[in-house]
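Notes for the structure review
Spelled out, the chains give:
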Amino acid sequence: MKKTLLLLLVILLLIPLSPTAKANLSTKKEIFSMIQGAFQVQVSLSERTRTKEEINDLLNPYFSKAYQKLFWKENVFEEKGKFITYGSDFALFYIPFFHYSDKSKVIFSPESIYVFEFFPATTDGPVGCEDHLEGVLLRKVDGGWKVDEYLYNNIPDSILKKANISK
């Protein structure tokens, strides 16, 4: 009986630690924290193979179902009945390598939050790129904010104007 009560107590203590979608994101710091958590989850998927359910449980607090579908299609591979992601220099639908500083722009609109940054051209490594804007769009989904869209040079002009960025 004591073991059962102890086990139940431990489970109840751990439940609040499981991540859930953030109901309120009102500061840059809160938004950056949420996005960094989302990125860490994505990176963790390369550590070992997992079931579909395990991966979905990890992604659900941070990403909309539509975004998860795109991420799965582009980055998740089956290995002996389980699933894993592989490293890449240019993997689509991963959270960008933000500086999480003044370089990272956060623009609130009535139904969404745009988080993006300018990335200069690079020729280092096997994959090069031109100057570009990269980011994510957060939307309220099921009562909480989640990453819903990957942005690559497709940020609306009205949002760029609010961030004092010209094309």
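Just above sits the structure.
Calculation notes
- Along every chain, residues carry numbers that run from 1 in the direction the sequence is written.
- Reporting of local features is limited, given that this is a predicted model, to residues whose pLDDT is at least 70; pairs of side-chain atoms are given and counted only at 80 or more, and all residues count toward the totals for whole chains, interfaces and linings.
- To obtain the side-chain values, all non-hydrogen atoms of the structure were used and water was disregarded.
- Strands were regarded as paired on the criterion that DSSP finds at least two bridges between them.
- Strands are runs of DSSP state E lasting at least 2 residues, helices are runs of H or I lasting at least 4, and numbering of each runs from the N terminus.
- The angle between two axes is taken between their N-to-C directions and runs from 0 to 180 degrees, where each axis is a line fitted to C-alpha atoms and a helix contributes only its stretch in contact.
- The labels follow the angle: roughly parallel below 35 degrees, roughly antiparallel above 145, roughly perpendicular from 65 to 115, and oblique for the rest.
- Left-handed describes a crossing whose near helix is turned anticlockwise from the far helix through less than a right angle; right-handed describes the clockwise counterpart.
- Throughout, a residue-residue contact means that at least one pair of heavy atoms, one from each residue, lies within 4.5 Å.
- By the convention adopted, Pro, Cys, Tyr, Trp, Phe, Met, Ile, Leu, Val and Ala count as nonpolar, Lys, Arg, Asp and Glu as charged, and the other residues, Gly among them, as polar.
- The set of buried Ala, Val, Leu, Ile, Met, Phe, Trp, Tyr and Cys residues whose side-chain atoms join them within 4.5 Å is what this entry labels a nonpolar core.
- To sort residues, take the accessible area from a 1.4 Å probe on protein chains only and compare it with the maximum for the residue type: under 20% means buried, over 50% means exposed, and anything in between is partly exposed.

A word on the pairing of strand 2 (residues 82-85)
- Note: strand 1 (residues 76-79) against strand 2, four bridges, orientation antiparallel. Following the sheet pairing, Phe 77 is matched in strand 2 by Ile 84.
- Between the antiparallel neighbours strand 1 and strand 2 lie two residues, among them Lys 80 with a positive phi of about 55 degrees.

Observations concerning the packing of helix 3 (residues 52-59) against helix 4 (residues 65-75)
- At their nearest, the axes of helix 3 and helix 4 sit 11 Å apart, and the two run at 130 degrees to each other. When the interaxial angle is binned, helix 3 and helix 4 end up oblique. For the pair helix 3 and helix 4, the sense of crossing is right-handed. The residues of helix 4 that touch helix 3, namely those facing Lys 52, Ile 55, Asn 56 and Leu 59, are Gln 68, Phe 71 and Trp 72.
- Its residues assigned to classes, the contact of helix 3 with helix 4 shows four nonpolar, two polar and one charged.

Some details on the nonpolar core
- Core analysis: the largest hydrophobic core is formed by 31 residues, its most contacted members being Ile 35, Ile 95, Val 115 and Leu 138.
- For this core, the secondary structure elements donating two or more residues are helix 2 (28-44), helix 3, helix 4, strand 4 (112-119), strand 5 (132-141) and strand 6 (144-152).
- Here the element with the most residues in this core is helix 2; it accounts for seven residues.
- Residues in contact with Ile 95, not counting those within four places in the same chain, are Ile 35, Ala 38, Phe 39, Gln 42, Phe 63, Tyr 100, Val 136 and Val 147.
- Listed in part, the 10 residues of the second largest apolar core include Phe 116, Ile 155, Leu 160 and Ala 163.

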